[in-house]
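Architecture at a glance
So the chains spell out like this:
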Amino acid sequence: MKNITDSVWEYAQDNPYGFTLNIEKMRPVKFGICVAFKATQNSFGRKGLQRVIEHALDNDKTVGGWWNDEDEFFYFDSVKVFRNSDLKTAIDFGVANEQIAIFDLTNLKEIRL
């Protein structure tokens with residue numbers, strides 16, 4: 001687990017403006033609609049990242065993150081990625097997980113819920 005945490009932390013440092021990473025393959029996810037799980041909301045810093053990775057390993061093996069300039073913390077989420085053709089399912093999942101927005105990785109746009 002520590003190696004995964006270290007690798008994702010390093011990846012976050014190199015991609016502070018946002019990333020979605022498959023932690024099983026350690027490859028960026030570039031297509032689909034990304035929706036965070038409620039269980040990992042408000043996870044920030046290295047301690048939060050460890051919690052997110054534990055959740056991701058038990059679920060979709062995907063982590064999203066970004067740097068928040070306002071409080072100077074990295075925020076992380078365990079995420080589920082849906083196909084773009086499954087927009088309604090992604091929206092329903094986002095609503096069920098109390099998300100304010102989801103993110104279309106394919107078109108690089110936020111979808112407010």
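In short, a report on the structure. Only a predicted model underlies this, so the values are computations on that prediction, with no experimental measurement involved.

Now for the nonpolar core. Judged by nonpolar contacts, V8, A12, F19, L21, I23, L49, V52, I53, A56, V63, F74 and F76 together constitute the single largest core of 12 residues. If you list the elements that add at least two residues to this core, you get helix 1 (2-14), strand 1 (19-22), helix 2 (45-58) and strand 6 (73-82). When residues in this core are grouped by element, the largest group, 4 residues, is from helix 2. Residue contacts for A12: discarding those within four places in its chain leaves F19, F74 and F76. Ranked by size, the runner-up nonpolar core spans 8 residues in total, among them A90, F93, I102 and I111.

Turning our eyes to something else, we now look at unusual backbone geometry. A positive phi angle, close to 55°, is found at M26, a residue other than glycine. Positionally, M26 belongs in the loop between strand 1 and strand 2 (27-28).

So, about the pattern of salt bridges. Following the criterion strictly, the structure yields 5 salt bridges and no others. E98 serves as the salt-bridge partner of K38, at 3.0 Å between the closest nitrogen and oxygen. Residue K38 is found in the loop between strand 3 (33-36) and strand 4 (43-44), and its partner E98 is found in the loop between helix 3 (87-96) and strand 7 (101-104); the two are separated by 60 residues along the sequence. With a closest N to O distance of 2.9 Å, K88 and D92 form a salt bridge. Within this pair, K88 and its partner D92 are both found in helix 3, separated by 4 residues, close to a single helical turn.

So, about the environment of L108. Here L108 shows up in the loop between strand 7 and strand 8 (109-112). C-alpha of L108 to C-alpha of T20: the two residues are 88 residues apart in sequence and 12 Å apart in space.

For helix 3, every residue scored as buried is listed here: A90, F93 and G94. Axial view of helix 3: buried residues confined to an arc of 100°, hence all on one face. Summarising the geometry of helix 3, the exposed residues directed more than 90 degrees from the buried face are K88, V95 and A96. On its buried side, helix 3 packs onto strand 3, strand 6 and strand 7. Directly beyond the C-terminal end of helix 3, a positive phi value near 55° is found at E98.

A few words on the packing of aromatic side chains. Per the stated rule, a full pass over the model turns up 11 aromatic pairs. Taking the centre distance of 6.0 Å and the plane angle of 45° together, the rings of W9 and F76 count as tilted. One end of the pair, W9, is in helix 1; the other, F76, is in strand 6, and 67 residues separate them in sequence. Residue F76 is classed as buried on the basis of its relative accessible area, which comes to 1%. For the ring pair W67 and F74, a centre distance of 5.1 Å and an interplane angle of 65° mean the geometry is edge-to-face. Among the aromatic residues, ring-to-ring pairing joins W9, Y11, F19, W67, F74 and F76 into one connected group.

Rules and cut-offs
- Residues numbered from 1 in each chain as written.
- Predicted model: local features only at pLDDT ≥ 70, side-chain atom pairs only at ≥ 80, totals over all residues.
- Heavy atoms only, no water.
- Core = buried A, V, L, I, M, F, W, Y, C linked by side-chain atoms within 4.5 Å.
- Buried < 20%, exposed > 50% of the residue type's maximum accessible area, 1.4 Å probe, protein only.
- Helix = DSSP H or I, 4+ residues; strand = E, 2+ residues; numbered from the N terminus.
- Contact = heavy atoms within 4.5 Å.
- Salt bridge = Lys/Arg side-chain N within 4 Å of Asp/Glu carboxyl O.
- Arc of directions from axis to C-beta.
- Phe/Tyr/Trp six-rings, centres within 6.5 Å; stacked < 30°, edge-to-face > 60°.

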